[in-house]
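Inside the fold
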Amino acid sequence: MELVRSHVLVCGGTGCTSSGSKQIIEEFETQLKNFDIDKEVKVIQTGCFGFCAMGPIVIVYPEGSFYSMVQKEDVAEIVEQHLLKGKIVTRLLYKETVEEDNVKSLNEIDFYKKQHRVALRNCGVIDPENIDEYIACDGYKALGKALTEMTPQEVIQEVKDSGLRGRGGGGFPTGVKWDFASKSVNDQKYVLCNADEGDPGAFMDRSVLEGDPHSVIEAMAIAGYAIGANQGYIYVRAEYPIAVHRLQVAIDQAREYGILGKNIFETGFDFDLEIRLGAGAFVCGEETALMTSIEGRRGEPRPRPPFPAVKGLWDKPTILNNVETYANIPVILLNGAKEFAKLGTETSKGTKVFALGGKINNTGLVEVPMGTTLREVVYEIGGGIPNGKQFKAAQTGGPSGGCIPADLIDTPIDYDSLIKIGSMMGSGGLIVMDEDTCMVDIAKFFLEFTVDESCGKCVPCRIGTKRLLELLNKITDGTGTLEDIDEMETLCNTIKSSALCGLGQTAPNPVLSTLKYFRDEYVEHVVDKKCRAGVCKALLSYKIDADKCKGCTLCARQCPVGAISGKVKEAHIIDTTKCIKCGVCESTCKFGAISK
Amino acid sequence: MAEKKVPAFQGTKEQEAQLKEVIAKHKDSKGALIPVLHEAQEIYGYLPVEVQTMIAEGLGLSLADVYGVVTFYAQFSLYPKGQYRIAVCLGTACYVKGSGDILDKFKERLGIDVGECTEDGKFSLDATRCIGACGLAPVLTVNDDVYGRLTVDDVDGILEKYGF
Ligand SMILES: Cc1cc2nc3c(=O)[nH]c(=O)nc-3n(C[C@H](O)[C@H](O)[C@H](O)COP(=O)(O)O)c2cc1C
Ligand code: FES
């Protein structure tokens with residue numbers, strides 16, 4: 001093996017790729033050649049480090065220097081100063097790691113300190129396109145152990161004992177699901193992976209697939225052994241080209257190594273995998289719809305029972321698990337259920353990955369033990385809210401979930417606590433909102449999403465959500481009444497109890513939870529015709545502060561409808577009957593005289 | 001919804017040969033229709049009824065089956081897209097950070113609505129869901145290029161880059 005003295009890890013996750021990490025890798029390769037050290041320094045493209053806000057990120061080992069927001073122009077300096085002369089380029093280090101000439105390790109910085117990486121253990125650590133690196137990190141050892149030392153029943157028992165619950169949102173105990181399917185007698189069974197990641201605003205599964213695809217492959221093979229299936233499908237969103245590519249590379253490599261295919265590890269166990277692409281339909285994340293979609297049809301759900309464990313894909317017994325659920329499996333088998341269950345709470349074991357986004361400083365991917373409080377995530381890991389604004393609420397569970405208001409910020413994040421306060425764990429999207437977010441508008445945003453994505457098969461969802469959206473529109477337009485609010489509540493409860501699948505049953509949640517915690521904002525829209533966040537355009541009116549206005553005429557010239565008038569050097573006024581509330585005047589005024 | 005005009009189909013012989021190959025490759029596997037549609041859209045850029053008919057015949061399905069699937073999934077398009085496909089992310093993270101205003105600005109500048117294409121065929125505008133780059137919100141893509149950490153003021157510059 002060649003001797004390499006330094007490793008340069010460059011994040012190749014979607015976030016960093018979007019901000020140019022590919023060019024950075026190429027530049028590193030060029031510059032290393034320039035300085036003739038390309039034999040001793042190795043550049044590796046890894047999966048997501050999680051700290052997307054600071055991307056593109058480059059880490060140099062053995063020092064562990066954490067360079068953030070690296071630009072292509074910076075690469076030559078890193079190569080010459082750091083890799084050639086051994087002088088760390090302090091100017092490019094993430095500022096929190098620099099401490100009086102002393103470089104702190106990654107695990108000491110606030111963003112990582114409280115995190116526990118189980119599902120993400122290899123993300124940002126290994127080259128996802130190289131199976132040897134996965135194997136070097138104990139990869140495929142759990143599969144070997146299962147096949148050679150454990151019976152299928154023992155595997156299932158271990159998963160049951162770990163307390164692992166589904167990470168796709170529902171939180172169903174994984175071991176119990178496998179047990180059902182193992183008891184179904186049939187000559188053909190299937191193992192499926194849900195990588196549809198439908199929550200708009202979440203990218204946990206994507207990061208696992210991009211950073212550590214082999215962990216999912218390994219876990220699916222283990223699941224196949226446990227329930228007696230020899231074929232699996234991974235259903236991935238077509239919007240995730242990098243993930244699809246790395247997954248395909250990983251499957252090909254696993255086949256080449258005999259880890260997928262016939263007679264794996266000479267044990268007589270056969271298992272193979274195929275990728276199936278989604279095509280942009282949220283409902284296909286629902287298990288029965290996902291199966292119809294793999295069958296090549298319109299992805300409409302069907303009633304359960306029969307449950308997939310009895311009658312699933314092509315009417316054969318099938319299990320479906322989420323990407324992150326699978327990523328935990330090898331760890332459980334290798335370290336034992338007991339070790340796994342040490343993290344977390346009584347009823348929610350292990351960790352959960354969240355995609356932290358919205359109005360927060362450290363956007364990115366975080367993995368914390370279940371039971372960590374929302375406050376810890378937002379303020380300690382997330383670094384708080386930008387621009388000195390106030391935390392208003394956090395949204396979890398996407399279009400099926402709800403909001404957690406500021407006074408519940410000390411709620412521990414686990415399945416049961418979140419349900420109790422009217423939200424849900426969901427698959428891991430965690431969007432932070434500040435005072436500039438209108439809660440009625442957010443409810444409307446999610447409703448527009450579900451109306452758009454309703455497959456139309458059942459009436460409560462197809463028509464009910466549409467009526468609900470109409471009522472919300474009335475309220476944000478300023479024509480709603482207090483009766484509308486009550487009617488919305490009734491309608492929500494009707495949809496919840498009568499829709500066919502999870503999409504419709506949970507669609508009213510964003511409305512119900514904002515009504516529960518922010519009813520006063522709804523009332524304000526209706527009674528005072530006011531949107532305190534200044535988001536609902538119909539309720540805004542712009543005005544000019546006569547004391548601040550210098551009469552420069554800039555706004556009058558910019559206004560597209562000629563609604564502003566006034567003489568030079570005299571205060572201007574806005575004709576609100578003409579104003580279309582485009583906000584151009586506010587953003588052009590140099591004196592801050594215009595406000596809404 | 002008002003009927004949109006579909007331009008006359010202009011598929012070439014080469015494209016047809018490619019499509020036949022794709023159909024032959026998938027014909028015998030279960031659930032072949034969606035993978036074939038994906039590849040067909042790669043070849044033609046969209047899925048007009050002529051292409052759907054070829055696929056239906058090739059896979060032994062009815063045109064109604066194929067049409068039903070094409071119209072169910074948002075990724076499949078019955079209309080051609082622009083040379084530059086602008087897609088503004090309206091996922092939650094981007095929406096909260098103001099991507100709605102960015103989309104409005106594009107509509108205003110291009111004079112088209114979401115799902116439409118400019119007359120000269122140069123730009124089409126779409127609203128997408130999360131593309132997984134929420135850390136850079138708000139984001140948009142133009143073909144395969146991703147732009148992040150945007151403000152409304154970036155719109156003109158981006159359009160200029162593509163020769164608007
Ligand atoms: C409308 C709808 C959308 C869903 N979308 C997803 C999804 O994108 N990813 C996912 O893993 N589970 C999703 N689920 C949950 C799945 O139906 C299923 O419960 C889950 O994939 C099972 O895996 P788990 O037990 O490992 O969580 C969705 C459910 C519904 C009702
Ligand atoms: S919400 Fe826009 S990229 Fe995720």
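Parameters at a glance
Residues numbered from 1 in each chain as written. Chains lettered and ligands numbered in written order. Predicted model: local features only at pLDDT ≥ 70, side-chain atom pairs only at ≥ 80, totals over all residues. Heavy atoms only, no water. Helix = DSSP H or I, 4+ residues; strand = E, 2+ residues; numbered from the N terminus. Buried < 20%, exposed > 50% of the residue type's maximum accessible area, 1.4 Å probe, protein only. Areas by Shrake-Rupley, 256 points an atom, 1.4 Å probe, with all protein chains shown as cover. Lys, Arg positive; Asp, Glu negative; His and termini not counted. Charge placed at Lys NZ, Arg CZ, Asp CG, Glu CD. Contact = heavy atoms within 4.5 Å. Buried area = accessible area lost by both parts, 1.4 Å probe. Salt bridge = Lys/Arg side-chain N within 4 Å of Asp/Glu carboxyl O. Polar contact = N/O pair within 3.5 Å; in protein donor to acceptor, adjacent residues only side chain to side chain. Nonpolar A, V, L, I, M, F, W, Y, C, P; charged D, E, K, R; others polar. Near = heavy atom within 4 Å. Pairing = 2+ DSSP bridges. Axes fitted to C-alpha atoms, helices over the stretch in contact; angles between N-to-C directions. Domains from an automatic or database assignment.

1. Focus: the overall build of chain B
Looking only at helices and strands, one finds 7 helices and 4 strands in chain B. Along chain B, helices (α) and strands (β) appear in the sequence α-α-α-α-β-α-α-β-β-β-α when read from the amino end. Counting only C-alpha atoms, chain B reaches 50 × 30 × 30 Å along its principal axes. Taking all 164 residues of chain B together, the buried fraction comes to 48%. Surface summary for chain B: the accessible area is close to 8200 Å², and the carbon and sulfur share equals 49%. Here chain B holds 17 positive side-chain charges and 24 negative ones, and the gap between their average locations is 3 Å.

2. A short note on the interface of chain A and chain B
Across the boundary between the two partners, chain A contributes 52 residues, which contact 33 residues of chain B. Where chain A abuts chain B, roughly 3300 Å² becomes buried across the two surfaces, and 60% of that area is made up of carbon and sulfur atoms. When residues of chain A are sorted by the area they lose upon contact with chain B, Ala 279, Arg 298 and Phe 445 of chain A head the list and together hold 18% of the total. Where chain A packs against chain B, one counts 3 salt bridges. Linking chain A with chain B are 17 residue pairs in polar contact (both at pLDDT 80 or more), by the criterion used here. Breaking the side of chain A that touches chain B down by element, the ones donating at least two residues are α1 (14-18), β10 (269-277), α12 (287-294), β16 (429-434) and α17 (439-453) of chain A. For the side of chain A that touches chain B, the element with the most residues is α17 of chain A, which contributes 7 residues. Class assignment of the residues belonging to the side of chain A that touches chain B gives a composition of 24 nonpolar, 14 polar and 14 charged.

3. Let's talk about the site of ligand 1
Residue and element names in this part refer to chain A. Around ligand 1, a shell composed of 18 residues is seen, among which Gly 168, Gly 198, Asn 321, Asn 322 and Thr 325 lie nearest. Between Lys 177 and ligand 1, the recorded distance is 3.0 Å, taken from a side-chain N or O atom to an oxygen atom. The separation between a nitrogen atom of ligand 1 and a polar main-chain atom of Gly 285 is 3.3 Å. Across the complex, the protein chains shield 88% of the 610 Å² of accessible surface that ligand 1 would expose by itself. Where the shell around ligand 1 is concerned, the elements lending two or more residues are β11 (318-322) and α20 (502-506). Residue composition of the shell around ligand 1, by class: 3 nonpolar, 9 polar and 6 charged.

4. Let's talk about the sheet that holds strand β8 (residues 231-236) of chain A
Residue and element names in this part refer to chain A. In spatial order, the strands read β9-β10-β8-β7-β11; together these 5 strands make up an open sheet with mixed pairing. Taken across any chain shown, the strands that pair with only one partner, and hence form the sheet edges, are β9 (261-264) and β11. The average angle at which neighbouring strand axes cross in this sheet is 25°, direction not considered.

5. So, unusual backbone geometry
Here the residue pair Arg 304 of chain A and Pro 305 of chain A is connected by a cis peptide bond, since its omega of -10° sits within 30 degrees of zero. Tracing the backbone shows Pro 305 of chain A in the loop between α12 and β11. Each neighbour pair has its own omega, and for Ala 137 of chain B with Pro 138 of chain B the value is -5°, a cis peptide bond. Examined against the element boundaries, Pro 138 of chain B turns out to sit in the loop between β2 (123-128) and β3 (140-142). Phi is positive for Asn 263 of chain A, close to 50°, though the residue is something other than glycine. One can find Asn 263 of chain A in strand β9. Judged by relative accessible area, Asn 263 of chain A falls into the partly exposed class, the value being 35%.

6. Quick notes on the domain arrangement of chain A
Residues and elements named next belong to chain A. Partitioning chain A into structural domains gives domain 1 (6-105), domain 2 (131-341), domain 3 (351-434), domain 4 (439-528) and domain 5 (541-595). Using only C-alpha atoms to locate each centre, domain 1 and domain 2 end up separated by 34 Å. Domain 1 puts 11 residues into the contact, and the matching count from domain 2 is 8 residues. Interface of domain 1 and domain 2: buried area, both sides summed, is about 570 Å²; carbon and sulfur atoms make up 47% of it. Ranking the residues of domain 1 by area buried against domain 2 places Thr 14, Gly 47 and Cys 48 at the top, with a combined share of 51%. Our enumeration of links across domain 1 and domain 2 arrives at 0 salt bridges.

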